[in-house]
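# Coordinates in review
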Amino acid sequence: MRKEALLAGVLALGLLGVTGCGSGSEPSNAGGKTDMTWAMWVGGTADQDAWQKVADTVNSKVPDVHITLQGSTFADYFTKMSTQLSSNSAPCLVAVQSLRTTALKDGLLPLDDLVKKNNVNLADFDKSMITGLSADGNLYGLPYDVGPMVMFYNKDKFKAAGLADPKPGWTTEEFLADAKKLSGAGKYAIAQNSADLNIESQVLAYNGGRVVGADGTINASDPQFAKGLQWVSDLTNVEKVAAPIAGGDSSFGNNEFLAGSTAMNIDGPWSLLDAKAKAKFNVGIVTLPAGSGGTATFSAGSGWGISKNCKTPDQAFKALETMTGPGMLGELATAGRALSARTAEQANWFDHAAIPGADATIKAASTTAVPMPSSPNSDQLGQLFNQYLVKSFNGQDSAAGVMKDIASQLPQ
Amino acid sequence: MAIQASPGLKRSDAPDPEPDGQKRPAVSVRRRAARKDSGGLGRQTAWGPFFALPHGVGLALFTLLPIGASLWISLHNWPMMGQQKWLGLGNYQHLLADPIFGQVVLNTLLFVVLYVPMNLVVSLGLAAWLTPKIKGRHIFRIIFFIPAITPVVANVVVWRMLYQPGGLIDGLMQSTLGIHAPNFLGDEHWAMFSIVVMSVWQGFGYNMLIFSSALDAVPESLTEAAELDGARPWTVFYRIKLPMISPSIFFATMMTLITSFQVFAQPFIMTKGGPGTSTSTIVLFIYNQGFQFHQLGMASAAAWVLFVIILGITAVQFLGQKKWVHYDA
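Residues numbered from 1 in each chain as written. Chains lettered and ligands numbered in written order. Predicted model: local features only at pLDDT ≥ 70, side-chain atom pairs only at ≥ 80, totals over all residues. Heavy atoms only, no water.

As a further point, take the pattern of salt bridges. Residue and element names in this part refer to chain A. One pass over the full model with this rule turns up 14 salt bridges over all chains. For lysine 105, the salt bridge is made with aspartate 136, and the minimal N-O distance between the two is 3.1 Å. Highlighted residues: lysine 105 in the loop between helix H4 (101-104) and helix H5 (112-117) and aspartate 136 in the loop between strand E5 (134-135) and strand E6 (138-139), separated in sequence by 31 residues. The exposure class assigned to aspartate 136 is exposed, which follows from its relative accessible area of 62%. In this structure, the salt-bridge partner of aspartate 314 is lysine 117, at a minimum N-O distance of 2.9 Å. Residue aspartate 314 is found in helix H13 (residues 313-323), and its partner lysine 117 is found in helix H5; the two are separated by 197 residues along the sequence. Accessibility expressed as a relative area gives 36% for aspartate 314, which makes it partly exposed. The network of salt bridges with shared partners includes Arg100, Asp196 and Asp379. (Salt bridge = Lys/Arg side-chain N within 4 Å of Asp/Glu carboxyl O. Helix = DSSP H or I, 4+ residues; strand = E, 2+ residues; numbered from the N terminus. Buried < 20%, exposed > 50% of the residue type's maximum accessible area, 1.4 Å probe, protein only.)

This is the structure in structure tokens:
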């Protein structure tokens, strides 16, 4: 009887143990190597292969670290990451986008001491990205790519419509004239897109209107931004050159472009590899149509940081150094995946992107690009854009009316 | 029952049930057996908590603790990252005064009011049609049930392709009538209705199966007797079958009502709650507050408001069932 009771007690305790140790397995030490997970967004098979190669390189070059890639879609990544960071269950290595640094910084480890200790020369990186991945005077990630938002276009459609390839610096008038020739009979030149980076870049290029100030403060009531948003919305309602959007679907514009339904789409150089792999036409890139203030755009980029709860930050930093080292970023640039955040390796991307004129476009755009500022409420603004901009795009409300509704829901 | 019966066995003067009237050793055997059983019961009682422990731990960790935690969180300003601050009922006061939350509750009620009757009518109608006389009824049942077991995300993505401008419906209307279909998900007047239609398609199969089984269980003798008395098919259905399956209808109504208050995936994927707030539902509001705006306190408070709404409506249904649910049939 006693033995049976003892056995039952041991079993019950065992069960308790099993239920209690579901998390906290990272990092573990197996075979002399510290295992750690690297959380990254993955846009498709080409993307997955590119990132897996980075993981493989770290595993072969860094003697005491083994990293495993954990992919999520870009749309879900930040929701998942902010939850993991806040509950101290984030992997050691996490991807950070420059415009979301402020929103994630409380869960990330400041890297400044590790940078000093390991003699990493930050001057080798694009200055705007070091600024973009910093908040409150601390650095929260080492950047891997940078790039201005540009216009992707379908060269074949332009040719079929009898249009010459657009040149860097083209104006909104030239864009509109071309768009009209590419539209009609149920076809549209471009599709609306409510994603924050897209819409804010488009408005900035049109009239310099900004919803997020350089210091990260959000001013959703900015009249200049509303004016720019109205111009973008009128492309659907008045000019009939932009496809109306169905719902809060930020991938609609990209899908329509890749499917060959529309002729243009606003995106960054980080999507070029994916676009080339998926599109069954020749892809070109050009600067965003310039309005009254001349060519302008936002630049953004991403990097990798270390979560605050990582128990082996020194090993994680070793992995980071390799991931953002000249060799790795040179390879990513050569593969066309990332316009390197290391300025010396950017030439590889221009040489291998295999898009004629890409270098001229990126250089022209980069000259005037300003870093997209980071705000603690960027996720909230992005969600409200998805929810509300469709009303402006589809002509159910004015741009000013929509921005007023958005402003009322943001923290004052 | 076994405990009540055991004293009878202990009575030494109990009349012997054996027809020969002789005292038999079997009685003492029974007594020993009873004593043994009683010892077994004691041991079982001792073991009971151990066997209940895994389930008890699961219940405590995954049900009771989160419920208590969410109530505690709802009383705080609890950002996802950063310092928590005690607010008392502050979050609840904010929610009740927030016009957006008011709109969200109204949207959820609109969804429920449209969805629940449509779901019940379609599922009951198809279940009534699928009588054993219909050839291939099992195949129809499977076909109608497929949407209910397909992942909702896949269904929603397909329906988004049907609804979007240039999608299947728009394309068909252009080629046949020469006009554009409304922008179902992009127009605030159509968006909620479009989500309801998709949800009915997705959800009716489950209730149909319940109703179909309940209708099959109605005794044929009752319907035949009514038919012999000259009752028409509609009267047979309305006066006999419907009351007979009323417990199933009650169950289906209650479950459908509860799940419809919790609608999330459809607006989350199809509209993100837009245009504006026209398809924002309570659970979507909770998700956005928690995971987009990182306000876990506000999200938890909204979850408790939803809980109270569902609890209230379920209680009203239970009270009202006496009038129309017949368990004695």
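Two descriptors summarise a pair of aromatic rings, namely the distance from one centre to the other and the angle between the planes of the rings. Counted according to the given criterion, the structure contains 39 aromatic pairs over all chains. Ring geometry for tyrosine 77 of chain A and phenylalanine 78 of chain A: centres 5.0 Å apart, planes at 85°, overall edge-to-face. Overall, tyrosine 77 of chain A belongs to the buried group, its relative accessible area being 1%. Consider the rings of tryptophan 190 of chain B and phenylalanine 193 of chain B, whose centres lie 6.5 Å apart with planes at 65°: the pair is edge-to-face. Judged by its relative accessible area of 39%, phenylalanine 193 of chain B is partly exposed. Members of the aromatic cluster, each reached through a chain of ring pairs, are Trp159, Tyr163, Phe184, Trp190, Phe193 and Trp201 of chain B. The ring of phenylalanine 78 of chain A is capped by arginine 100 of chain A, whose NZ or CZ atom sits 4.7 Å from the centre of that ring. Cation over ring: lysine 363 of chain A sits above phenylalanine 350 of chain A, and NZ or CZ is 4.9 Å from the ring centre. (Phe/Tyr/Trp six-rings, centres within 6.5 Å; stacked < 30°, edge-to-face > 60°. Lys NZ or Arg CZ within 6 Å of the ring centre and 35° of its normal.)

Our focus in this paragraph is the pairing of strand E11 (residues 264-267) of chain A. Residues and elements named next belong to chain A. The two faces of E11 match: Met264 and Ile266 on one face and Asn265 and Asp267 on the other face are all buried. Relative to E11, strand E8 (residues 150-154) runs antiparallel, the two being bridged by four bridges. By the bridge assignment, phenylalanine 152 is partnered in E11 with asparagine 265. (Pairing = 2+ DSSP bridges.)

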